Amino acid sequence: MVLRGFALPYVPDLMPAIAGIETTSPFRHMVTPGGFTMSVALTNCGALGWTTDRRGYRYTTVDPDTGKPWPVMPEVFFRLANEAAAEAGFDDFEPDACLLNRYLPGSRLALHQDKNEQAYETPIVSVSLGMRATFLFGGHARTAPTIKVPLHHGDVVVWGGADRLRYHGVMPIKDAPHALLGSQRINFTFRKAA
Ligand code: SIN
Ligand code: FE2
């Protein structure tokens, strides 16, 4: 479900919260198990953070770059995720992990499934800020056809239930600077990882 503009009322509180997270755990480019450096830069907040390196994908309680716990999930993040999930029919969503992705012009995210979480009963809640993106939403096999969903500043996407493990990705971002965020797109995805 695409909730157009659902995050807009939260933006004034989200921006300083993102700045706080970045101060403790900066965005960085991680390496996939296959040895590729991701074009998207990432960080996390919450009890668990998603990471990747040559050994694989996993959730960690500690930021591997700082050796310290990931920043606490700001209350406004939690509230936004919980309320968006409820709007999409998933009551009582209590995310313990939030992955923040920063896209610059040209950054992309290859088709993948979100499947490093313990529980698939809970949805994924994805918030888009800044430059627009074309989100690809596919099937249960990488080769299945995809639909293209334009995502703008403030849009929230929720997928769960039978759609929880659908392949998804982001096409290369075009440079069309955004009034508030300039030449970047920030996306955060909330998950119940443990
Ligand atoms: C993701 O799948 O982790 C991010 C999706 C997005 O950036 O819209
Ligand atoms: Fe994903």
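Whatever comes next refers back to the structure up there.
Residues numbered from 1 in each chain as written. Chains lettered and ligands numbered in written order. Predicted model: local features only at pLDDT ≥ 70, side-chain atom pairs only at ≥ 80, totals over all residues. Heavy atoms only, no water.

## Some remarks on the sheet that holds strand 7 (residues 124-130)
One open sheet holds the six strands; their spatial order is 1-10-7-12-5-2, and the pairing between them is antiparallel. Each edge of the open sheet carries a strand with a single partner, namely strand 1 (2-3) and strand 2 (41-46). Contacts from helix 1 (residues 11-24) reach strand 2, strand 5 (97-103), strand 7 and strand 12 (185-191), with the element oriented near 95° to strand 7. (Pairing = 2+ DSSP bridges. Helix = DSSP H or I, 4+ residues; strand = E, 2+ residues; numbered from the N terminus. Contact = heavy atoms within 4.5 Å. Axes fitted to C-alpha atoms, helices over the stretch in contact; angles between N-to-C directions.)

## Remarks on the pairing of strand 10 (residues 156-159)
Remark: a regular strand shows side chains that alternate across the two faces of the sheet. The alternating pattern of strand 10 places Val 156 and Val 158 and Val 157 and Trp 159 on opposite faces, both of which are buried. With two bridges connecting them, strand 1 and strand 10 associate as antiparallel partners. Of the residues in strand 10, the one forming a bridge with Val 2 is Val 157. One ladder, built from four bridges, connects strand 7 with strand 10; its direction is antiparallel. Counterpart to Val 127 in the pairing with strand 10 is Val 156. (Buried < 20%, exposed > 50% of the residue type's maximum accessible area, 1.4 Å probe, protein only.)

## Concerning the coordination of the iron ion (ligand 2)
Only His 112 (NE2), Asp 114 (OD) and His 168 (NE2) from the protein coordinate the iron ion (ligand 2), and they sit 2.1 to 2.2 Å from it. Angles of 90 to 174° at the metal separate the four donor atoms of the iron ion (ligand 2), which places the site in the irregular class. Read in sequence order, the donor residues coordinating the iron ion (ligand 2) give the pattern H-x1-D-x53-H. Of the two residues, His 112 is situated in strand 6 (residues 109-112) and His 168 in strand 11 (residues 168-170); the sequence distance between them amounts to 56 residues. Overall, His 112 belongs to the partly exposed group, its relative accessible area being 22%. For His 168, a relative accessible area of 4% puts it in the buried group. (Donors = N, O, S within 2.8 Å, 3.2 Å for Na, K, Ca; no water. Tetrahedral: all angles 85-135°; square planar, octahedral: opposite > 155°, others 65-115°.)

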